[in-house]
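A structural walkthrough
What follows is each chain in one-letter form.
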Amino acid sequence: MEIKELFTVSIYTENHIGLLNRISAIFQRRHINIESLNTSVSEIEGVSRFTILVKMTEKEVKKIIGQIEKQVEVIKAFYHTDDQTIYQESCLFKIKSDLLFEERQIQNIIKDSNARIVTVNKVFFVLEKSGRRNEIELLHRELSVFGIMQFVRSGRIAVTKDEMKITEMLAAFNN
Amino acid sequence: MIMEELQTMKKKIYLEQPKERISGSEAVVRCLLAEGVDIIYGYPGGAIMPVYDELYKYQNEIHHVLTRHEQGATHAAQGYARISGKVGVAMATSGPGATNLITGIADAQIDSTPMVCITGQVASHLLGSDAFQETDIVGISTPVTKWNHQITNATEIPEVIAKAFYIARSGRPGPVLIDITKDAQFEEFDFQYKKCDGVRSYLPVPKTEKASLDQAAEMINSAKKPMIVWGQGVILAHAEEELKSMMEKTGIPAAWTILGASAISTSHPLNIGMVGMHGNYAPNVLTNDCDVLIAIGMRFDDRVTGKLDEYAKQAKIIHFEIDPAEVDKNVKTNVAVLGDAKESLTQILPLLETKTHHSWLKKFKDLYAIEFEKVIKNDLHPTKDGLTMGEVLNEINTQSGGKAAIVSDVGQHQMITCRYADFNVSKSNITSGGLGTMGFALPAAIGAKMAAPNREVIAIIGDGGYQMTIQELGTIFQQKTAVKIVVLNNDFLGMVRQWQQLFFDKRYASTEMTNPDFVAIAKGYQIQARRVSERKDLGSAIEEMMKSQDAYFLEVCVEKEDNVFPMVPSGASVSDIRLE
């Protein structure tokens, strides 16, 4: 039995309606749970980038990459381990404003965690933190002692240490 | 020089074709004509009516065949595509019309059949509102199409349809679905058609690396016990001659998957038969004895490999493949030769040494002798009273000279057909391989006959599958399609019954069928029909069928509880194939 690892799957695609459905169906067919998913523009105009975090064996992820790349509107798909990428997640905490003034400790937590206050009003303030999953989890643990009104965490975004060479690839498609 | 000038002139004419103001629905028909479509299969309905109105106007240029169910339209389009190599076209309305296409689309996807399906959709302002006959067909068809797209503006029609045909037929072919809202069909716009010759993110044929060819050639040249297994990729790439040259130069015995059948004549001395669950004894057993396995345009389906952990473990594997996702998917290869089979086989041929493998080939012949004694003899020349499916095939072979295109359905009769039919012409074995769609054969035979009217097309169908699309007799009647239909009737869902007998202690759960009078049904559609239940009548009945210029229905009542052997039981290794 091969060991399951965390892989960051990065997919460069055309911006086409329905492609998310097409890609997620490939994971669904093999009964693979997606840990997180992010879609955005990429460094190339008109080209989208999917960042998908999955836990699976390398043997399996290779097959998945092949089946993703086979989709007409997928330009290229990659998979990387954590040490091959620079990655971050982002999160938001909504917390009662009273606490900011009453609990001295909160101010220290904010300072020590490099979190940023996005907005403050009479009722609540919003704290933003970007970082690794464990940093966010630590902050969540520390703040939950005081009570969190709302919490949300984004999917992972990642850039790779290696070059992606998508522009060259697009040029090759055109020839 | 003159040729070049002509080319540029042609291009200019294409590009400078004047724009014309026409409706979206007329544009659909004009696009189909520009793609060389001569026949489409379909069923009208509310959301596709504007296109049907145009089809009425263009009926002299494009022949629309009204099937009796949308599923029949897709299978007919598949039959058309499989025998001709051209793109099959099916059309349906929104909602149930569209969902009825899904089985055929899934079948075309798994068997790499080029097909374009066009569906009508509710008007764009109604999308998402649960309107009458609205269904999210783009969402539903996503996992079973090579590509799909919804058009909501008429202006998109030419480009999207051009792209649809290009994607369906290029690279590894497959089905494409285009959904067009009703308002886009009515909308007028300036029409201009331009064929698609490339899509930015899509590389249909990967580059063949010289290094992989060298490596493969070296491996083949030094092999002592090499074996080829080819699949439909050879047919799709039109690489039959190249494969034959390779076999004959290297003297390598070659076996085929079910969809690869007919690429090389069944009588070729190096053709060692079919691999897989009900394939021939020798190629299955010797898969686990060969030293180099050369897979060409096949995908190591589980019905071919049996238990993967015990499949050709001793052999080095060379995989000629157009679809990179198939490499290492099921079987780990030593050398992958990516690219189009015709191209790569042409390139490798000069690198291969002229050889013979007499003693190795003899091993196949020896095992064939065992299979003949234990299985084939009794199938083809039975001594018992009841008729066998095998002897029907044997008689068809004799009378057709192995020149007919054989369309089979799914089940026991399919395995018998693929095992015993003589094939001397490529693209002659039309069957549902990957999906195993019962009901495929009757409509597929209609499409095949229409695409190749000069060929004899014989549908061989079981009594179960026949009744899944039996309504297409109406299409045959209306279109006067001269297909020959042979129903091998054992009053059972035979293959399931065989499994129940072998693996479920003969508990025949819902496999026995009380069948209607098939001859009377055929006659109801004014199709000549005959029933045979005794051996003495078989020859004359098949002769009558072959001589008929029109459609003909022949029911052969065969032994109720015959089994298909050899058999690789599910989960067993190919070398553990059972002869009884």
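Residues numbered from 1 in each chain as written. Chains lettered and ligands numbered in written order. Predicted model: local features only at pLDDT ≥ 70, side-chain atom pairs only at ≥ 80, totals over all residues.

**Details of the overall build of chain A**
Selection rule: Runs of E in the DSSP output that reach at least two residues are strands. Runs of H or I that reach at least four are helices, and both are numbered from the N terminus. We compute the radius of gyration from the C-alpha atoms alone; for a globule the expected value is 2.2 Å times N to the 0.38, where N is the number of residues. Residue burial here comes from a neighbour count, namely the number of other C-beta atoms, placed from the backbone, that lie within 10 Å of the residue's own C-beta, with 20 or more meaning buried, 12 or fewer meaning exposed, and in between meaning partly exposed. Contact criterion: two residues are in contact if their C-beta atoms, reconstructed from the backbone, are within 7 Å.
When helices and strands are tallied, chain A shows six helices and nine strands. Against the compact-globule benchmark of 16 Å for 175 residues, chain A has a radius of gyration of 20 Å, which places it well outside the compact range. On the principal axes, the C-alpha backbone points of chain A span a range of 65 × 40 × 30 Å. Within chain A, the proportion of its 175 residues that are buried is 26%. Of the contacts formed within chain A by residues at least 6 apart in sequence, a portion of 76% connects residues at least 24 apart.

**Points about the overall build of chain B**
Across its full length, chain B carries 24 helices and 20 strands. A globule of 580 residues ought to have a C-alpha radius of gyration of about 25 Å, and chain B, at 25 Å, matches this closely. When its C-alpha atoms are laid out on the principal axes, chain B stretches across 70 × 60 × 45 Å. A burial count over chain B gives 53% of its 580 residues as buried.

**Structural notes on the sheet that holds strand β17 (residues 457–462) of chain B**
All names here are of chain B. Filter applied, for reference: Here the rule is simple: two strands pair whenever DSSP picks up at least two bridges between them. Only the stretch in contact is used when a helix axis is fitted, and all axes are lines through C-alpha atoms; the angle between N-to-C directions ranges over 0 to 180 degrees.
Taken together, six strands build an open sheet; the order of strands is β16-β15-β17-β18-β20-β19 and the sheet is parallel. On the outer flanks of this sheet lie β16 (429–431) and β19 (528–532), each paired with one strand and no other. With strand direction ignored, the average angle separating the axes of adjacent strands in the sheet is 20°. Two elements, strand β15 (residues 405–408) and β16, share three bridges in a ladder whose sense is parallel. When the bridges of β16 are listed, Ser408 appears paired with Thr431. Its contacts with the sheet place helix α19 (residues 441–451) against β15, β16, β17 and β18 (484–489), and it is angled at close to 175° to β17. Lying over the sheet, helix α24 (residues 535–547) contacts β18, β19 and β20 (552–557), oriented at roughly 165° with respect to β19.

**Considerations on the packing of helix α12 (residues 240–250) of chain B against helix α15 (residues 341–348) of chain B**
Residues and elements named next belong to chain B. For clarity, the threshold we go by: Roughly parallel means an angle under 35 degrees; roughly antiparallel, over 145; roughly perpendicular, 65 to 115; everything else is oblique. Put simply, a crossing is left-handed when the front helix is turned counterclockwise from the back one by less than a right angle, and right-handed when it is turned clockwise. Ten residue types, Ala, Val, Leu, Ile, Met, Phe, Trp, Tyr, Cys and Pro, are classed as nonpolar, four, Asp, Glu, Lys and Arg, as charged, and the remainder, Gly among them, as polar.
Interaxial distance between α12 and α15 falls to 9 Å at its minimum, and their mutual angle equals 30°. Compared by their axis directions, α12 and α15 come out roughly parallel. Two packed elements cross with a definite hand, and for α12 against α15 that hand is left-handed. Contact with α12, carried on its side by Glu242, Leu243 and Met246, involves Lys342, Leu345 and Thr346 of α15 and no other residues of that element. Of the residues contributing to the contact of α12 with α15, the split by class is three nonpolar, one polar and two charged.

**Section: the interface of chain A and chain B**
Chain A puts 17 residues into the contact, and the matching count from chain B is 16 residues. The set of elements that each furnish at least two residues to the side of chain A that touches chain B consists of β1 (5–14), α1 (19–29), α2 (58–69), β4 (74–80) and α6 (166–174) of chain A.

**A few points about the packing of helix α17 (residues 389–400) of chain B against α24(B)**
Residues and elements named next belong to chain B. The contact between α17 and α24 brings their axes to 10 Å, and the two run at 50°. Accordingly, the angle class assigned to the pair α17 and α24 is oblique. Considering how the two elements wind past one another, α17 and α24 form a crossing that is right-handed. Here Val392, Glu395, Ile396, Gln399 and Ser400 of α17 lie close against α24, whose contacting residues are Leu538, Gly539, Ile542, Glu543 and Met546. In the contact of α17 with α24, the residues fall into five nonpolar, three polar and two charged.

**Examining the domain arrangement of chain B**
Residue and element names in this part refer to chain B. Here is the rule we go by: Residue ranges for the domains originate in an automatic or database domain assignment.
Looking at the assigned domains, one finds that chain B contains domain 1 (20–191), domain 2 (210–363) and domain 3 (385–558). Elements supplying a minimum of two residues to the side of domain 1 that touches domain 3: β2 (39–42), β3 (63–66), α4 (70–84) and α6 (102–110). Ranked by residues supplied to the side of domain 1 that touches domain 3, first place goes to α4 with eleven residues. Residues of the side of domain 1 that touches domain 3, tallied by class, amount to ten nonpolar, eleven polar and four charged.

**A closer look at unusual backbone geometry**
With the exception of glycine, the majority of residues adopt a negative phi angle, and the majority of peptide bonds are in the trans configuration. Residue and element names in this part refer to chain B. Each neighbour pair has its own omega, and for Phe565 with Pro566 the value is -5°, a cis peptide bond. In this fold, Pro566 is placed in the segment after β20. Here the phi dihedral of Asp130 falls at roughly 60°; this positive angle occurs in a residue that is not glycine. By secondary structure assignment, the location of Asp130 is in the loop between β5 (115–121) and α7 (137–141). One non-glycine residue, Asp505, lies in positive phi territory at about 50°.

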